[in-house]
Amino acid sequence: LDFILIMVLRTIGAMKQDVEKLPLQPQFKSDDDRAFVRRLFAEAVVGYNDNLALVEKFTENWDVERIALMDNIIMTTAIAELTNFDSIPVKVTLDEYIEIAKFYSTQSSSTFINGVLDKMVTSLTEAGKINKIALVFIASLLESLKDSRITPIGKLYIVLPPYKVILILILS
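Note that the structure is a prediction, hence the values are computed from the model and not measured. (Residues numbered from 1 in each chain as written. Predicted model: local features only at pLDDT ≥ 70, side-chain atom pairs only at ≥ 80, totals over all residues. Heavy atoms only, no water.)

## Points about the layout of surface pockets
Unoccupied space between atoms shows up once a probe the size of one water molecule is rolled over them. The condition is simple: Using a 1 Å grid laid over the protein atoms alone, points where a 1.4 Å probe fits but cannot get out form a cavity; open sets with protein on both sides within 12 Å along at least 5 of 7 lines form a pocket; any residue with an atom within 4 Å of a point counts as lining. Grid points are joined across faces, edges and corners, and a volume is the space filled by probe spheres set on the points. The helix count covers DSSP runs of H or I at least four residues long, the strand count covers runs of E at least two residues long, and both are numbered beginning at the N terminus. Polarity classes work like this: nonpolar for Ala, Val, Leu, Ile, Met, Phe, Trp, Tyr, Cys and Pro, charged for Asp, Glu, Lys and Arg, and polar for all others, with Gly in that last group.
In this structure, the largest pocket spans a volume of roughly 1,300 Å³. Counting residues per element, the lining of the largest pocket draws most heavily on helix α2 (residues 31-46), which supplies seven residues. Grouping the constituent residues of the lining of the largest pocket by class yields 21 nonpolar, four polar and four charged.

Right, here's the structure in full:
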């Protein structure tokens, strides 16, 4: 409830007072966005205790109860995204959650969260818990070859688990 109240107060505080009619924006840009939010929420809730224990491990000089509640929520949700959404690059996730911290938490939170998440990413990647997939369309790959006689036939997935690269060709 505290989280919701903070979000509502910050959102209302950011609104312009001179606007008589404020048009409501759609909640989601697409059905894919809605599905992403639902899945992220489910993963964050289900994994909250494990992710909070991970936060505690990487903030050993801090008592996890002394860390702002919002910071814990931001970091545990970021961990859920990092470990469960293979197609989202690590840098994108980190950038998004640092921006969320700047808006919804304390002044020093974004720097603190950045440092903690950076250490966690290194550890989780080495442990094989973060495996990202880079999607490359064959058309752009073939374009770089400059051979007009070759026609794209599908999508190429490059799986980047720690220390090895696996190429998977999906024919259309």
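## A few points about the environment of Ile73
Within the secondary structure layout, Ile73 lies in helix α4 (residues 69-84). In the structure, Ile73 is positioned 28 residues away from Ala101 in sequence and 10.0 Å away in space, judged by C-alpha atoms.

## Observations concerning the pattern of salt bridges
We count it as follows: Here, a salt bridge means any Lys or Arg side-chain nitrogen found within 4 Å of an Asp or Glu carboxyl oxygen. Burial status follows relative accessibility: with a 1.4 Å probe on protein chains alone, a residue under 20% of its type maximum counts as buried, one over 50% as exposed, and anything between as partly exposed.
Per the stated rule, a full pass over the model turns up three salt bridges. Between Lys91 and Asp95 there is a salt bridge; the shortest N-O distance is 3.1 Å. Taken as a pair, Lys91 and Asp95 lie in helix α5 (residues 90-104) at a separation of four residues, close to a single helical turn. A relative accessible area of 37% means that Asp95 is categorised as partly exposed.

## A look at the packing of α5 against helix α6 (residues 109-126)
For any two helices packed against each other, one specifies the crossing angle of their axes together with the interaxial distance. Cut-off, in case you're wondering: For every element, the axis is a line fit to its C-alpha atoms; helices are fit only across the contacting stretch, and the angle between N-to-C directions ranges from 0 to 180 degrees. Just so you know how the angles are binned, under 35 degrees is roughly parallel, over 145 roughly antiparallel, 65 to 115 roughly perpendicular, and the rest oblique. For any helix crossing, the convention is left-handed if the near helix is rotated counterclockwise from the far helix by under a right angle, and right-handed if that rotation is clockwise. Residues are treated as being in contact if the distance between any of their heavy atoms lies within 4.5 Å.
The geometry of α5 relative to α6 is characterised by a closest axis approach of 8 Å and an angle of 155 degrees between their N-to-C directions. By the angle between their axes, α5 is roughly antiparallel relative to α6. Relative to α6, the crossing made by α5 is right-handed. Of the residues in α6, those touching α5 at Val90, Leu94, Tyr97, Ile98, Ala101 and Lys102 are Ser109, Ser110, Ile113, Asn114, Leu117 and Val121. The residue inventory of the contact of α5 with α6, partitioned by class, reads eight nonpolar, three polar and one charged.

## Remarks on the environment of Val64
Considering the arrangement of structural elements, one finds Val64 in the loop between α3 (48-58) and α4. Taking the C-alpha atoms as reference points, Val64 and Ala53, eleven residues apart in sequence, are found 8.8 Å from one another. Apart from residues no more than four positions distant in its own chain, Val64 is found in contact with Leu52, Val55, Glu56 and Asn72.

## Describing the packing of aromatic side chains
Note the threshold: Put simply, two rings from Phe, Tyr or Trp (the six-membered ring, in Trp's case) pair if the centres are within 6.5 Å, and we call them stacked under 30 degrees between planes, edge-to-face over 60, tilted for the rest.
Considering all chains together, one arrives at three aromatic pairs under this definition. With centroids separated by 5.2 Å and ring planes inclined at 55 degrees, the aromatic side chains of Trp62 and Phe112 adopt a geometry described as tilted. On the criterion of sequence distance, the pair formed by Trp62 in the loop between α3 and α4 and Phe112 in helix α6 is long-range, its members being 50 residues apart. Residue class for Trp62 comes out partly exposed when judged on its relative accessible area of 42%.

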